[in-house]
Amino acid sequence: GAFAVVWSAVDNVLLEPPSYERPEDLYFVWRDYRAFFDLDRGWLSGPDVVALDTAGGALVGAVGMRVERVTVEIGEGSRPEELKVMRSGPGLFDLLGVRPALGRGFAPDEVGEDRPDLAVLGHELWRTRFAADPAAIGSEIRLNGSPHTIIGVMPEDFRFARHSSLGSPETADLYTTFAVDLGAEDPGGGSYAGLVRARPGTAPEALAAAVTSVGDALDEQYFESRGMVYYPKGLMEDLVAPVRPALVILGFAGGFLVLVLAVNLATLLLGRAAEREREVAVSRALGADGWTLARAALLEGALLGVLGAAGGLLFAMRGTRALVDIAPADLPRRAEIAVDPSVVAVVLGAGLLLGFAAGALPAIWAARSRLSTVLRDAAVRGGGGHSAMRRGMVVVQVALSLVLLSAGGVLVRSFEALLRADPGFDATGALTFRVPATGAAYPDAAALTTLHDRLLAELGSIPGVDAVGGLSTLPLSASADQTRVELPGAPGNTGEEDHDAPLIDIMAVTEGAFGAIGARFVSGGGFSTPGAEPRNEVVIDHTLAEEFFPSGRALGATVWINADTLQVVGVIQQPRLYDVHQDSRGQIWRPNREYTYRSLFYVVRSDRPTASLLGDVRAAVRRADPGLPISQVRPVEDLVDASLSRQRLSATLIAAFALGALVLAAMGLFGIVSAAVTRRRTELGIRMALGADAGRVLRMVLADGLALVGIGLLVGVPGVWMAGRLLRGVLVGVSPFDLLTLLGVAAALTAVTALACWIPARRVTAIDPAGSLRAE
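Residues numbered from 1 in each chain as written. Predicted model: local features only at pLDDT ≥ 70, side-chain atom pairs only at ≥ 80, totals over all residues. Heavy atoms only, no water.

**Student:** Tell me about the overall build of the protein chain, and name the residues and values.
**Tutor:** Looking only at helices and strands, one finds 23 helices and 21 strands in the protein chain. C-alpha atoms of the protein chain, sized along the principal axes, occupy 105 × 60 × 55 Å. Every one of the 776 residues in the protein chain was classed for burial, and the buried ones make up 49%. The long-range fraction of contacts in the protein chain, counting pairs at least 24 apart against all pairs at least 6 apart in sequence, stands at 80%. Carbon and sulfur atoms make up 57% of the accessible area of the protein chain, which totals about 34000 Å². In the protein chain, the 69 positive side-chain charges and the 84 negative ones have mean positions that sit 13 Å from each other. (Helix = DSSP H or I, 4+ residues; strand = E, 2+ residues; numbered from the N terminus. Buried < 20%, exposed > 50% of the residue type's maximum accessible area, 1.4 Å probe, protein only. Contact = heavy atoms within 4.5 Å. Areas by Shrake-Rupley, 256 points an atom, 1.4 Å probe, with all protein chains shown as cover. Lys, Arg positive; Asp, Glu negative; His and termini not counted. Charge placed at Lys NZ, Arg CZ, Asp CG, Glu CD.)

**Student:** A description of the pairing of strand E9 (residues 193–198) should follow, citing residues and the corresponding values.
**Tutor:** The buried count for E9 comes to 6 of 6 residues, which makes it a mostly enclosed element. Neither face of E9 is open: one carries Ala-193, Leu-195 and Arg-197, the other Gly-194, Val-196 and Ala-198, and all of them are buried. Bridging between strand E1 (residues 26–32) and E9 involves 4 bridges; their strand directions are antiparallel. Bridge assignment links Tyr-27 to a residue of E9, and that residue is Val-196. (Pairing = 2+ DSSP bridges.)

**Student:** Got a sec to walk through empty space enclosed by the protein? Specific residues and values, please.
**Tutor:** In this structure the tally under the stated criterion is 5 cavities of 30 Å³ or more. Taken as a whole, the largest cavity holds about 140 Å³ of empty space. The wall of the largest cavity is formed by 13 residues, among which Ala-246, Leu-247, Leu-250, Leu-331 and Leu-649 lie closest to the centre. Counting only elements with at least two residues in the lining of the largest cavity, the list comes to helix H1 (2–15), helix H7 (244–275) and helix H19 (645–679). At 4 residues, the largest contribution of residues to the lining of the largest cavity is made by H19. Grouping the amino acids of the lining of the largest cavity by side-chain chemistry returns 11 nonpolar, 1 polar and 1 charged. (1 Å grid on protein atoms, 1.4 Å probe; cavity = no way out; pocket = protein on both sides within 12 Å on 5 of 7 lines; lining within 4 Å. Points joined across faces, edges and corners; volume = space filled by probe spheres on them. Nonpolar A, V, L, I, M, F, W, Y, C, P; charged D, E, K, R; others polar.)

**Student:** For the packing of aromatic side chains, give the residues involved together with the corresponding values.
**Tutor:** Under the defined criterion, the tally for this structure stands at 13 aromatic pairs. Aromatic side chains Phe-36 and Phe-223 sit 5.8 Å apart centroid to centroid with 65° between the ring planes, which places their arrangement in the edge-to-face category. Here Phe-36, found in the loop between E1 and helix H2 (46–53), pairs with Phe-223, found in helix H5 (residues 204–223); they are 187 residues apart in sequence, far enough to count as distant. Exposure remark for Phe-223: the relative accessible area of 11% places this residue in the buried category. Here the basic side chain of Arg-41 rests over the ring of Trp-30, its NZ or CZ set 4.6 Å away from the ring centre. (Phe/Tyr/Trp six-rings, centres within 6.5 Å; stacked < 30°, edge-to-face > 60°. Lys NZ or Arg CZ within 6 Å of the ring centre and 35° of its normal.)

**Student:** How would you sum up helix H9 (residues 290–326)? Please name residues and give values.
**Tutor:** Between its first and last C-alpha atoms H9 spans 51 Å; for 37 residues at 1.5 Å apiece the expected length is 54 Å, and the two agree. When the local axis directions of H9 are compared, the greatest deviation, roughly 30°, occurs at Ala-316. (Expected span 1.5 Å × (residues − 1). Bend = angle between axes of the 7 residues up to and from the residue.)

**Student:** Would you mind going over the packing of helix H21 (residues 694–727) against helix H22 (residues 739–761) in detail, with residue names and values included?
**Tutor:** Two elements in contact, H21 and H22, have axes whose closest approach is 9 Å; the angle formed by their N-to-C orientations is 150°. Here H21 is positioned roughly antiparallel relative to H22, judged by the angle of their axes. The two elements H21 and H22 cross, and the hand of that crossing is right-handed. Touching Leu-698, Val-701, Leu-702, Gly-705, Leu-706, Val-709, Leu-713 and Val-720 of H21 are Leu-742, Ala-746, Leu-749, Thr-750, Thr-753, Ala-754, Cys-757, Trp-758 and Ala-761, all from H22. By residue class, the composition of the contact of H21 with H22 is 14 nonpolar, 3 polar and no charged. (Axes fitted to C-alpha atoms, helices over the stretch in contact; angles between N-to-C directions. Parallel < 35°, antiparallel > 145°, perpendicular 65-115°, else oblique. Left-handed = near helix turned anticlockwise from the far one by under 90°.)

**Student:** Describe the environment of Ala-360, and please don't skip the residues or the numbers.
**Tutor:** By secondary structure assignment, the location of Ala-360 is in helix H10 (residues 341–368). The partly exposed category is assigned to Ala-360, whose relative accessible area is 26%. Put simply, Ala-360 and Ala-119 are 241 residues apart on the chain and 61 Å apart in space, counted from C-alpha to C-alpha.

**Student:** Describe the nonpolar core, naming the residues involved and giving the relevant values.
**Tutor:** If you look at the biggest cluster of nonpolar residues, it comprises 107 residues, and the most contacted ones within it are Phe-514, Trp-589, Val-603 and Val-636. The element contributing the most residues to this core is helix H12 (residues 387–420), with 14 residues. (Core = buried A, V, L, I, M, F, W, Y, C linked by side-chain atoms within 4.5 Å.)

**Student:** Just give me the short version of the packing of helix H13 (residues 445–460) against helix H17 (residues 610–624), but keep the residues and values in it.
**Tutor:** Helices that pack against each other are described as a pair by the angle of their axes relative to one another and the distance between those axes. Between H13 and H17, the shortest axis-to-axis distance is 9 Å and the interhelical angle comes to 145°. Relative to H17, the crossing made by H13 is right-handed. Residue-level contacts link Arg-454, Leu-455, Glu-458 and Leu-459 of H13 to Val-617, Ala-620, Val-621, Arg-623 and Ala-624 of H17. Here the contact of H13 with H17 is composed, by residue class, of 6 nonpolar, no polar and 3 charged.

**Student:** Pulling in residues and values, what's your account of the side chain of Arg-31?
**Tutor:** Within the secondary structure, Arg-31 is located in strand E1. Side chain to side chain, Arg-31 and Tyr-230 meet in a polar contact 3.5 Å long. (Polar contact = N/O pair within 3.5 Å; in protein donor to acceptor, adjacent residues only side chain to side chain.)

**Student:** Report on the pattern of salt bridges, specifying residues and quantitative values.
**Tutor:** This structure, assessed with the given rule, holds 23 salt bridges. In this structure, Arg-434 engages Glu-82 in a salt bridge whose closest nitrogen and oxygen atoms are separated by 1.8 Å. Here Arg-434 is found in strand E11 (residues 430–436), whereas its partner Glu-82 is found in strand E3 (residues 81–88), with 352 residues between them in sequence. Taking relative accessible area as the criterion, Glu-82 reaches 10% and is therefore assigned buried. Counted as one network, the salt bridges with shared partners bring together Glu-21, Arg-22 and Asp-25. (Salt bridge = Lys/Arg side-chain N within 4 Å of Asp/Glu carboxyl O.)

**Student:** Quick rundown of unusual backbone geometry? Include the residues and the values.
**Tutor:** Of note in this structure, Glu-224 is not a glycine but carries a positive phi near 55°. Within the secondary structure, Glu-224 sits in the loop between H5 and strand E10 (229–234). Although it is not a glycine, Leu-476 sits at a positive phi angle of roughly 60°. Its relative accessible area of 12% is what places Leu-476 among the buried residues.

**Student:** Break down a nonpolar patch on the surface for me, citing the residues and quoting the values.
**Tutor:** Residues Val-306, Leu-348, Leu-352 and Phe-356 make up a contiguous nonpolar surface patch of about 280 Å² in total accessible area. Ranked by residues supplied to the nonpolar patch, first place goes to H10 with 3 residues. Within the fold, Leu-352 resides in helix H10. (Patch = residues over 30% accessible without salt bridge, like charges linked within 9 Å, V, L, I, M, F, W, Y side chains within 5 Å.)

**Student:** An account of the pairing of E11 is requested, with residue identities and associated values reported.
**Tutor:** Across the 7 residues that make up E11, a large majority, 7, are buried. The alternating pattern of E11 places Ala-430, Thr-432, Arg-434 and Pro-436 on one face and Leu-431, Phe-433 and Val-435 on the opposite face, and all of these are buried. Bridge analysis of E11 against strand E21 (residues 631–635) gives 3 bridges, and the strand direction is antiparallel. Across the sheet, the residue bridging to Leu-431 is Pro-635, located in E21.

**Student:** Describe H1, with residues and values.
**Tutor:** Look at H1: 19 Å from first C-alpha to last across 14 residues, which is about the 20 Å you get at 1.5 Å a residue. With 11 of 14 residues buried, H1 is to be regarded as a mostly interior element. Taken as a whole, H1 has its buried residues at Phe-3, Ala-4, Val-5, Val-6, Ser-8, Ala-9, Val-10, Asp-11, Asn-12, Val-13 and Leu-14.

**Student:** For the confidence of the model for the protein chain, give the residues involved together with the corresponding values.
**Tutor:** Close reading of the predicted structure is inappropriate where its pLDDT is low. On average, the protein chain scores 84 in pLDDT, and the residues at 70 or more come to 91%. Counting contacts from residues 378–385, a segment whose pLDDT is below 50, to residues more than four positions away or on other chains yields 13 contacts. (pLDDT = per-residue confidence, 0-100.)

**Student:** Can you tell me about the environment of Phe-130, naming the residues and giving the values?
**Tutor:** Mapped onto the elements of the fold, Phe-130 is located in the loop between helix H4 (123–129) and strand E6 (140–143). For Phe-130 and Leu-95, which are 35 residues apart along the polypeptide, the C-alpha to C-alpha distance reads 28 Å. If we ignore the near neighbours within four places in the chain, the residues touching Phe-130 are Ile-74, Leu-121, Leu-125, Ala-136, Ser-139, Ile-141 and Ile-150.

Given below as structure tokens:
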């Protein structure tokens, strides 16, 4: 069942191709900016997209696209709501090879300022907001106040497997085209993710050469051949790259658990064969051939394997739903994880193979057994000529369990290190939400500034609110704008342009935002009280301050951003934007009234429970403007939790697999020692009759079991080393060969298996020597 759940994720996310026409011919195209600054994965400009689309040769076509959150009004008098819209060139559906289930897609000439505004609905939006009414085709909705005509509805199973840099990987609510001429845009901008299709039969190398050729021409035309590089990545390869290491590790862990189970089942079947050895010997004496007995053993193993797989699939049907619920929101193709026919076939096949493999050992033993050998073994050793084979199985189980336990141990320790990491801000007691101010009501920066001031005043008047502020970008959201910055006269300048004009994340904040988000000032403070004239102030983060002002004198320094000359008034501990455990590129914060964003994330800090605060927050937004929607409401702590979700999932599942392997190994050892005690009853009775006390015999039995554990630990060391190499890229703050973890795992494995030995060994002390000899 555990294997089926993990395999459903691995298969649907990593292996199963998306349901597009020839998905292997689809590629994302990215810019490598490293000739200009430290960014190797950048979006394309409008002219880039046009050049790729018209290149011909190995390229069939290209589209640019991006995901936006827009304010949508559905029906007269409806309250605005914020939805996810995929904006693209008109050829997106043709490039993917998909067609709307109802209506039509976009025509090639239906793009630009002079064309009608059209929209295609996602199936879920059509079902929930239009009651799946075909009459929705031709009706009108408003996007950011602009009317759009609905021309189509996408199929229910259509999910665009877009890259996470395009926004949430979940399906867009609706689709529309750009209302701009891409070819007339700034060639230096980077506003679009580019998707291209190769001609059928084009090798990846040929496609890469074609993209490089177009890129070289663009670099020469627009960048004076300074080294702007364009490169393609296969759609599936690019999509799953961030999660591939974690899913591969989970797949290996699931496979290891199945191996432990196979060895455990083989041990069980060998034990059953031992109980039936007289029956087998008599069958041979009465004329049964070896193949008949072997076939029976193989059939028993196969039946157990298939029935177990069927039961596991029933478990997996619920387990996959639970996995989807707890999986990270940015997991590609998350909604597609399910027990489909290919998963059923693999799991049933694995069960059959597992059963055959486990039944092979008793089958071989049954085929080779002889009546004289069985009787001699029973008389001399208490039976069990294959006991060495069963003991070897226990050694293998212990070794495999050591590998899984060590992997689980270091992953758990890595996750603990992430939990202890300082994100650079205080997430407790803060609630965040987004207020998109779109449409004709706020046509310019002055109107937006007035709205933001009104919202701040209304939110600040809520009882129990300690701080409130607005930010263009939330921490741990990986969604800031980037620009180059210069700090003239800074002691840290080296004279090299790449160093002295670094790429930084730039964000805007309102008054009170630093306090609301719980940012910590290293020196200086916030912005001056707003006045009629711009103050031209900035706050920088500690990474920029330490790099360019190692003496600690960043306050008052000059900063150049584009054509603006600004002054540093504060230095803050970097509120981490990408990874909770490490600093990223430098950050600069500007006052929103001077660097105005249309939509902001507001943060309200209060000791009140979130549930009681939310109603007052909604009322405050309505007082500021009844027509404003509110979206993405969540505690700021959820940002931290979401950033840890992949590591939490991996650590939880592998730890669960490791514990399952430990239980299986303990059960196998328990069975071996129990059988040994039973089979050696006569021998032990004689020992005790000749004067051995119970303690001595107990120690002898325990020593026998612990010797198997010790051998298993030694055998498992190479596996631990190989697992460590696999885990190296996903661990944070801990070595894959952490000595403390490995010693703890070995001690735990020894303790649990020692308990499994001690329980049957206690039976030794209850042996009545005289009764045992009389029974014999």
